[in-house]
Amino acid sequence: MSKLLQTWVWAIGLCSIAPVWAQSAQPKQPLPMGVCPLPTELFQTPIEPIANLPKGAIGVRSERSDLDYRTEVASFFGDVEVQLDNQQLRTEQAQINQQSGAINASGRTRYTNGYVQVESENFRLNSAENQAYISGAQYQLVASGARGKADILSLSPQSVRLEGSTFTTCPTTDPAWQLSARTISLNEDEAFGEAWHAKFELFGVPVVYMPYMSFPITDERKSGFLFPTVRSSQKNGFELEVPYYINIAPHMDATITPRYMAERGLQMQGEFRFLTASSRGQYNLALLENDSSRTGDNSRFLWRVEQEHTWGENWRAYANGTFISDDDYLNDFGSDFAGRADAQLYRHVQVDYLSEQWQVTLRSEDFELLGNFRSPYRTLPQISSYYTYTGPFGLDFDVFSELSHFRNQELSSDYATRLHLEPQVRFSLEQPGFDWLAELGYAYTYYDQNEDLDRGLQENPSRGMMNFRWRGRLNFERQLEINGASYQQTLQPQIQYLYTPYRDQAGIGIYDSTLMQDDYQGLFRARRFSGLDRIADANQVAVGASTSLFDSQARELARLSLAQIYYFSDSETQLLEQQGAIAADRSDLAIETRFRLNNRWYVDSAIQYDMELNSTRKSQTSVEYRKDSKNLMQVSHRTVTSILDDNIEQIGMLGVVELSPRWQLASNWYYDLHHNRTNDALIALQYSDCCWAMRVSAYRRIDRSFEFFNGQPVIGEPEFDTGVSFQFIIKGLGSDNQSLLDLLEQSLFGYRQPFHLSN
């Protein structure tokens, strides 16, 4: 290799010569299939920095130089490298004028200032003004990889101006999309570029002309239009959504989305969000002033609020609520905040005080039942406190208290106030081989009810009862060797005795109580009803065991759990009619299993089996193959007997498959075996490459009916809704991170992993 000439050009003259060797570029490893290639850098091999080069001085390396002291012009030839602060220039030949500070380069020239890389056949830099001018240039932004061409490119500190230029973020040599503009301005301190007299070209065809536009060159937020969504359905007809994003402040933004539906009209949707160090919040509103598909009251709306605040270490507040104009709103329009299959909307506001020994909550809550059902009660308000203290001999003393006021949402004269006090003493012991817990408490509840409604209730009933609970568990483990591999098996048998005496509670209204599920974990609860309006009498023993198998990396490969309650006496406490009363000598057998066959195959099952009738009352079984979020398949089966005088038996299949690095397919199908019909089906196909993506989906789902006659639901042939959706995404001008798995989760019976019968 020939000896390279190193020359420093100082503000006062030309200086010394020293040898420097070139450094070869390392070969790049090939990218795995399906990964977007990185754009080829124009300046692939950085210039070796010249040591001790003063700020503002020009450093040059070349194979040959020609120094003219009379004109103070230096000419350099052969692999010329020029450095000026953070600017680097590599060219075939260059001239530097010390008087004017001008640098002229010709031949293949590559330039970078750390923000942009440029390649051209000529280059001119005025070092005194720090301005560079290049014609016939190709450019590339270093951070984002965005690139293009320009007839004339001018560079100044932190800014680039392009005349007769193009812009794209596609890394391929034949970009799927690009901006072609008379002028483009880019600024190193800004996350967005500006273009004047711009054309948006898709696959080489101009599709949109804009006199002016602003576009992102990084991932930073900016106000502007987001990607539109096009749909079509039987209920709504042709649909078009065009969101507009508003970047209000670094901690605050909003989105306004007009949604046109051919069968209904124009719906306006708005979202406002904020996030600070101590609070966060989101507000949503959707309003269709005039639903042309309905008669009568045809104004439809949804609004939602969610907000959380924290004050110091002890205080916090939270509010969450979704409100809709009518019961059919979710079925007709859908929502990101409630599923189409939801039967109720829950809303609450609460303030919490938390300390080491105290937990105090002030709460207001209510439920909106969708359909013509008995109106639920609002809790306005509820004050609850929990105090715990560890005394001598390892005894824990707890006191739970609650004061609640309930009021019917539709009948203001239907109200009640409830006071509840429950002290408890508890002793627990935990050892590696066993643990046990003993609890003794007393629950006292006093009511002030309006008995004028002729419901057979008392005005001021009270109830007091003690309760005792003892639970013990043993922990066994052993090492196993199966086919030469080491495993660990655990076995945890447990037993619980529960005693609560019977008290007549028929004079107390039902305000917040319901029957909970009797799954494996539920059989070891201290109570069978939620809320405090009913405390079931109990004299029973729950017996169960759970065993698991772990591999050498402590991953659970299999689990089997079984439990059952044996009743020493009948439980007479009822909730509504005969609901909750127990006249059998034992409960259903609760069985739960989970198998991890390997890193991709899973089997889950939960069963409640009636030993008296030898029949399954509830069951859910799923078999799942999960390679990653782009490759997933699940088959499920579930049954529920005697629910609303009907039986449910359903099979379901869903899957997301990556057909190729660019093509994805997703589908689900849920079939009602009892009524021999498809309740929900969806199929979606998505194409995605490094520059753009397209998603097409179609669905068919059963419509939920809220039609009633004389207070009873109208039972008839079900109605179905079908529709299609189309979405086109340009990558690099925004983002859409929703995957096809997210799409399946929004269907009528969304994907869940795993499914359990617990509440």
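Residues numbered from 1 in each chain as written. Predicted model: local features only at pLDDT ≥ 70, side-chain atom pairs only at ≥ 80, totals over all residues. Heavy atoms only, no water.

Peer 1: Just to check I follow, could you spell out the overall build of the chain for this structure?
Peer 2: Helix and strand counts for the chain stand at 2 helices and 45 strands. In the chain, the share of contacts with a sequence separation of at least 24, taken over all contacts with a separation of at least 6, comes to 47%. (Helix = DSSP H or I, 4+ residues; strand = E, 2+ residues; numbered from the N terminus. Contact = heavy atoms within 4.5 Å.)

Peer 1: What is the right way to look at the state of the cysteines in this model?
Peer 2: As used in these notes, a disulfide is a covalent bond between sulfur atoms, one from each of two cysteines. For the coordinates displayed, the defined rule picks out 1 disulfide. The residue that forms a disulfide with C170 is C691, at a sulfur-sulfur distance of 2.1 Å. Residue C170 is found in the loop between β11 (159-167) and β12 (177-187), and its partner C691 is found in the loop between β41 (677-688) and β42 (692-702); the two are separated by 521 residues along the sequence. (Disulfide = S-S within 2.5 Å.)

Peer 1: Which parts of the structure should I look at to understand the environment of H197?
Peer 2: Along the chain, the position of H197 falls in strand β13 (residues 192-202). Looking at H197, the relative accessible area reads 34%, which means it is partly exposed. On a C-alpha basis, the gap between H197 and Y212 in space is 5.9 Å, while along the polypeptide they are 15 residues apart. Contact partners of H197, with chain neighbours within four places excluded, come to S180, A181, R182, Y209, M210 and P211. (Buried < 20%, exposed > 50% of the residue type's maximum accessible area, 1.4 Å probe, protein only.)

Peer 1: Can you walk me through a negative patch on the surface in this structure?
Peer 2: Residues E188, D189, E190, E194 and E220 make up a contiguous surface patch of negative charge. Note on placement: E188 falls in the loop between β12 and β13. (Patch = residues over 30% accessible without salt bridge, like charges linked within 9 Å, V, L, I, M, F, W, Y side chains within 5 Å. Areas by Shrake-Rupley, 256 points an atom, 1.4 Å probe, with all protein chains shown as cover. Salt bridge = Lys/Arg side-chain N within 4 Å of Asp/Glu carboxyl O. Lys, Arg positive; Asp, Glu negative; His and termini not counted. Charge placed at Lys NZ, Arg CZ, Asp CG, Glu CD.)

Peer 1: Looking at this structure, how should I read the pairing of strand β32 (residues 485-500)?
Peer 2: Residues in a regular strand project their side chains so that they alternate between the two faces of the sheet. Sheet topology note: the strand β30 (residues 462-474)/β32 ladder contains 6 bridges and is antiparallel. Pairing of R469 across the sheet is with L498, part of β32. Taken together, strand β31 (residues 476-482) and the strand that follows it, β32, pair antiparallel across an intervening segment of 2 residues, in which N483 is found at a positive phi of about 55 degrees. By the bridge criterion, 13 bridges tie β32 to strand β33 (residues 538-550) in an arrangement that is antiparallel. Looking at the pairing, Q488 lines up with F550 of β33. (Pairing = 2+ DSSP bridges.)

Peer 1: Quick question: what am I supposed to make of a nonpolar patch on the surface here?
Peer 2: Residues L362, I383, L403, L419, L421, L440, Y442, Y444, Y446, M466 and Y499 make up a contiguous nonpolar surface patch of roughly 890 Å² in combined accessible area. As for its position among the elements, L419 is in strand β28 (residues 415-431).

Peer 1: I would appreciate a short explanation of unusual backbone geometry in the present structure.
Peer 2: As a rule of thumb, non-glycine residues mostly have phi less than zero, and peptide bonds are mostly trans rather than cis. In the segment running from L380 into P381, the intervening peptide bond is cis, with an omega of -10 degrees. With respect to the secondary-structure elements, P381 resides in strand β26 (residues 377-390). Look at A554: it is not a glycine, yet its phi comes out positive at around 65 degrees. Looking at where A554 falls in the secondary structure, it is placed in the loop between β33 and β34 (556-567). The exposed category is assigned to A554, whose relative accessible area is 59%. We note that N676 has phi near 55 degrees; this positive angle belongs to a residue other than glycine. Within the secondary structure layout, N676 lies in the loop between β40 (663-672) and β41. For N676, a relative accessible area of 58% gives the class exposed.

Peer 1: So what exactly am I meant to see when it comes to the nonpolar core here?
Peer 2: Ranked by internal contacts, the top residues of the largest apolar core, which has 51 residues, are V118, L153, L155, F167, W177, L186 and F215. In this structure, L632, A666, L741 and L744 belong to the second largest nonpolar core, which totals 12 residues. (Core = buried A, V, L, I, M, F, W, Y, C linked by side-chain atoms within 4.5 Å.)

Peer 1: How do you make sense of the environment of P461 when you look at a structure like this?
Peer 2: With respect to the helices and strands, P461 occurs in the loop between β29 (434-449) and β30. On the basis of relative accessible area, P461 is assigned to the buried category, the value being 5%. Between the C-alpha atoms of P461 and R418, which are 43 residues apart in sequence, the distance is 9.9 Å. With sequence-adjacent residues up to four places away left out, P461 is seen in contact with T445, Y446, Y447, Q449, G507 and I508.

Peer 1: Got a minute to help me understand the side chain of N236 in this structure?
Peer 2: Looking at where N236 falls in the secondary structure, it is placed in the loop between β16 (229-233) and β17 (237-241). Classification of N236 as buried rests on a relative accessible area of 3%. A distance of 3.2 Å separates the side chain of N236 from the side chain of E239, its partner in a polar contact. Residue contacts for N236: discarding those within four places in its chain leaves R259, M261, A262, E263, R264 and D332. (Polar contact = N/O pair within 3.5 Å; in protein donor to acceptor, adjacent residues only side chain to side chain.)

Peer 1: Could you clarify how one ought to interpret the packing of aromatic side chains in this entry?
Peer 2: Remark: the centre distance and the inter-plane angle together describe each pair of aromatic rings, the angle taken between the planes. Across all of its chains, the model carries 23 aromatic pairs by this definition. Ring geometry for Y346 and F367: centres 5.0 Å apart, planes at 40 degrees, overall tilted. Placement of Y346 in strand β24 (residues 344-354) and of F367 in strand β25 (residues 358-369) is noted, with a sequence separation of 21 residues between them. The exposure class assigned to Y346 is partly exposed, which follows from its relative accessible area of 35%. With 4.8 Å between their ring centres and 45 degrees between their planes, W358 and Y387 make a pair best called tilted. (Phe/Tyr/Trp six-rings, centres within 6.5 Å; stacked < 30°, edge-to-face > 60°.)

Peer 1: How do you make sense of the confidence of the model for the chain when you look at a structure like this?
Peer 2: Should the pLDDT be low somewhere, the predicted coordinates at that spot are not to be read in detail. Put simply, the chain has an average pLDDT of 83, and 87% of its residues get 70 or more. Low pLDDT, under 50, characterises residues 1-34; the stretch is placed with 64 contacts to residues that sit more than four places away or in other chains. (pLDDT = per-residue confidence, 0-100.)

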